[in-house]
Amino acid sequence: GYKVYIGPNQYFVVTDIGKGRYQWYAFLAKPVGTAESEASLKPIFEVDGCAPGNPAYLREVFEGWSHEIHDIIRATRDDEIQQRDLYDRPPSLMKPWHEGRVALLGDAIHAMMPNLGQGGCQAMEDAIVIAEELSAIARRSEVPDALARYKERRLVRSASVQGL
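Residues numbered from 1 in each chain as written. Predicted model: local features only at pLDDT ≥ 70, side-chain atom pairs only at ≥ 80, totals over all residues. Heavy atoms only, no water.

Caption draft 1: View of the overall build of the chain. For the chain, the helix and strand inventory stands at five helices and five strands. Scanning the chain from its N terminus toward the C terminus, one meets helices and strands in the order β-β-β-α-α-α-β-β-α-α. Taking the contacts inside the chain whose residues are at least 6 apart along the sequence as the reference set, 50% of them involve residues at least 24 apart. On the chain, roughly 10700 Å² of surface is accessible, and the fraction owed to carbon and sulfur atoms is 56%. (Helix = DSSP H or I, 4+ residues; strand = E, 2+ residues; numbered from the N terminus. Contact = heavy atoms within 4.5 Å. Areas by Shrake-Rupley, 256 points an atom, 1.4 Å probe, with all protein chains shown as cover.)

Here you go:
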């Protein structure tokens, strides 16, 4: 199964990967540089069944949430937790998607957060539209206009998915 727990500025996802094992991740909306400034807040001793460091810290962050979250955190060692900072950005509405005969597609122009599972899908949709536009032209000099049409066709769709 796949469970998602959502709250203000954070959420927790648990995936059953079989044989009694689980993969989980927590998303916390934090300002840039927070990891360094909060490092000193991570307990150095076991806290109520949670290993020192990240597990105890996350237990505090998810205080009052489902007991299932706390069961997973308690079962996790500090060395099994990795922090990966992700930076969300708004859709590229005003920026160009191409310059001359070179175009950006996929995450290069409309990055998707990994929890959406859409990065590869949107890149394939981009590629299809680029192929359609380029197959409709007769001369290389028409490539920049074809790539401009690619942006026009893909902007609303990619922005709506990215903005979810």
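Now that the structure has been shown, we can carry on.
Caption draft 2: Local environment of a nonpolar patch on the surface. Judged by side-chain polarity, Tyr2, Val4 and Ile6 come together as a nonpolar surface patch covering roughly 340 Å² of accessible area. Examined against the element boundaries, isoleucine 6 turns out to sit in strand S1 (residues 2–7). (Patch = residues over 30% accessible without salt bridge, like charges linked within 9 Å, V, L, I, M, F, W, Y side chains within 5 Å. Salt bridge = Lys/Arg side-chain N within 4 Å of Asp/Glu carboxyl O.)

Caption draft 3: Region of interest: the pattern of salt bridges. The tally for this structure, following the rule as stated, stands at 11 salt bridges. Arginine 154 is the salt-bridge partner of aspartate 126, the closest N and O atoms lying 2.5 Å from each other. With a gap of 28 residues between them, aspartate 126 in helix H4 (residues 119–135) and arginine 154 in helix H5 (residues 143–162) connect regions that are remote in the sequence. Here aspartate 126 and arginine 154 have matching classes, each one buried. Where salt bridges share partners, they join Glu125, Asp126, Arg154 and Arg157 into one cluster. (Buried < 20%, exposed > 50% of the residue type's maximum accessible area, 1.4 Å probe, protein only.)

Caption draft 4: Representation of the sheet that holds strand S2 (residues 10–18) in the model. Pairing in this open sheet of three strands is antiparallel, and the strands run S1-S2-S3 from one edge to the other. Sheet topology places S1 and strand S3 (21–28) at the edges, where each strand pairs with a single neighbour. The mean inter-strand angle of the sheet, taken between neighbouring strand axes irrespective of direction, is 10 degrees. With respect to the sheet, helix H3 (residues 67–74) is in contact with S1, S2 and S3, its orientation differing from that of S2 by roughly 65 degrees. (Pairing = 2+ DSSP bridges. Axes fitted to C-alpha atoms, helices over the stretch in contact; angles between N-to-C directions.)

Caption draft 5: Up close: the layout of surface pockets. Size it by volume and the largest pocket reaches roughly 1500 Å³. If you go around the largest pocket, you meet 46 residues; those closest to its centre are Tyr25, Ala26, Phe27, Gln82 and Arg84. Among the secondary structure elements, those contributing two or more residues to the lining of the largest pocket are S1, S2, S3, helix H1 (34–38), helix H2 (54–61) and H3. It is S3 that provides the largest number of residues to the lining of the largest pocket, a total of eight residues. (1 Å grid on protein atoms, 1.4 Å probe; cavity = no way out; pocket = protein on both sides within 12 Å on 5 of 7 lines; lining within 4 Å. Points joined across faces, edges and corners; volume = space filled by probe spheres on them.)

Caption draft 6: Region of interest: the nonpolar core. Counting 11 residues, the largest nonpolar core is built from Tyr5, Phe12, Val14, Trp24, Tyr57, Leu58, Phe62, Ile69, Ile72, Ile73 and Ile81. Counting only elements with at least two residues in this core, the list comes to S2, H2 and H3. The dominant element in this core, judged by the number of residues it contributes, is H3, at three residues. With residues up to four places along the chain from it excluded, the contact list for tyrosine 5 reads Tyr11, Phe12, Val14, Trp65, Ser66, Glu68 and Ile69. (Core = buried A, V, L, I, M, F, W, Y, C linked by side-chain atoms within 4.5 Å.)

Caption draft 7: View of the side chain of serine 92. Tracing the backbone shows serine 92 in the loop between H3 and strand S4 (98–99). A polar contact of 2.9 Å, which involves the side chain of serine 92, links it to the backbone oxygen of isoleucine 109. When residues no more than four places from it in sequence are discounted, the contact partners of serine 92 are Trp97, Ile109, Lys151, Leu155 and Gln162. (Polar contact = N/O pair within 3.5 Å; in protein donor to acceptor, adjacent residues only side chain to side chain.)

Caption draft 8: Seen up close, the packing of aromatic side chains. In total, this model carries six aromatic pairs according to the counting rule given. Aromatic side chains phenylalanine 12 and tryptophan 24 sit 5.0 Å apart centroid to centroid with 15 degrees between the ring planes, which places their arrangement in the stacked category. Here phenylalanine 12, found in strand S2, pairs with tryptophan 24, found in strand S3; they are 12 residues apart in sequence, far enough to count as distant. Side by side, phenylalanine 12 and tryptophan 24 carry an identical accessibility label, which is buried. Ring geometry for phenylalanine 12 against phenylalanine 62: centres 5.3 Å apart, planes inclined by 80 degrees, an arrangement best described as edge-to-face. Here the residue phenylalanine 12 occupies a position in strand S2, and phenylalanine 62 occupies one in the loop between H2 and H3, the gap between them amounting to 50 residues. No difference in accessibility class separates phenylalanine 12 from phenylalanine 62, as the two residues are buried. Site record: aromatic cluster; members linked through ring pairs are Phe12, Trp24, Phe62 and Trp65. (Phe/Tyr/Trp six-rings, centres within 6.5 Å; stacked < 30°, edge-to-face > 60°.)

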